[in-house]
Amino acid sequence: MIQSRLHGFVLASLFAALMMIGANITSIAPIFVIGGVPITLQTAVCLLAGLLLGKKYAPLAMVLYLLIGLAGMPVFARWSGGLDAVISPTFGFLLSYILVAYVVGVLSEQRRSAAAFGTAALIGTALNYVIGTNWMYMAYEWWFAAPGGFSYTTAWLWMLAPMPKDIILAVGSAWLARRLLRILRKTERGINSSKGAA
């Protein structure tokens, strides 16, 4: 899919912008904030980046997104941004996107089947949950005011609510990535055929 370094940078920038949109797609519905964790489309966009851009440019997209947000632009969930995000209980989910994009990119480059894409997306989602939930637990235990009765089990129980949505979105991201790659291959073949005919 990546045709040149410039093409890769452009697509990485595009996915960084999509992360900004996905972060705030549900900001108009505060009811979708569960246990301090906003329900967003960031993970789905991150997975899609890994599946389409691969291990080199997908992490770059996530780094761009994080740097823009940490620089103060309101691109994180609930239109937030700035260095204060680092001490937020949810920052682990943001930080995980770099590794998630890389791992999904590596796995999807090894095999291009539907099953491989689905497996890569689910592994990426699991990685996001592990890093994000553990960061959230440490934040509440060490430097943030923890709710009464908070425990490691509580942190994981909070994640049960968004989990079905994220599993569905992971499978959907794998399906969409396969569809987009198929369309791109057909388009490229058509362009090459036209050039050959000319």
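Worth saying up front: this structure is predicted, and the values here are computed from it rather than measured. (Residues numbered from 1 in each chain as written. Predicted model: local features only at pLDDT ≥ 70, side-chain atom pairs only at ≥ 80, totals over all residues. Heavy atoms only, no water.)

This paragraph deals with unusual backbone geometry. In this structure, Arg78 is a non-glycine residue whose phi angle is positive, near 60°. Its location among the elements puts Arg78 in the loop between helix 2 (42–70) and helix 3 (91–110). The class of Arg78 is partly exposed, set by a relative accessible area of 49%. The phi torsion at Trp79 lies on the positive side, around 55°, for a residue other than glycine. On the secondary structure map, Trp79 appears in the loop between helix 2 and helix 3. Taking relative accessible area as the criterion, Trp79 reaches 54% and is therefore assigned exposed. (Helix = DSSP H or I, 4+ residues; strand = E, 2+ residues; numbered from the N terminus. Buried < 20%, exposed > 50% of the residue type's maximum accessible area, 1.4 Å probe, protein only.)

It is the contact of helix 2 with helix 3, at a shortest axis distance of 8 Å, that shows an interaxial angle of 155°. Taken together, helix 2 and helix 3 sit at an angle that is classed as roughly antiparallel. Helix 2 and helix 3 meet at a crossing whose hand is left-handed. Grouping the constituent residues of the contact of helix 2 with helix 3 by class yields 20 nonpolar, six polar and two charged. (Axes fitted to C-alpha atoms, helices over the stretch in contact; angles between N-to-C directions. Parallel < 35°, antiparallel > 145°, perpendicular 65-115°, else oblique. Left-handed = near helix turned anticlockwise from the far one by under 90°. Nonpolar A, V, L, I, M, F, W, Y, C, P; charged D, E, K, R; others polar.)

Turning our eyes to something else, we now look at the UniProt feature "transmembrane region" (unreviewed entry) in the protein. The positions that UniProt labels "transmembrane region" (unreviewed entry) are, in the present scheme, residues 7–25, 31–53, 60–79, 85–107, 114–135 and 155–177. Each end of residues 7–25 is marked by a C-alpha atom, and these two atoms are 27 Å apart; helix forms 89% of the span and strand 0%. Secondary structure content for residues 155–177 is 83% helix and 0% strand, while the C-alpha to C-alpha distance between its ends is 31 Å. (UniProt positions renumbered as here; feature names shortened; annotations may be inferred.)

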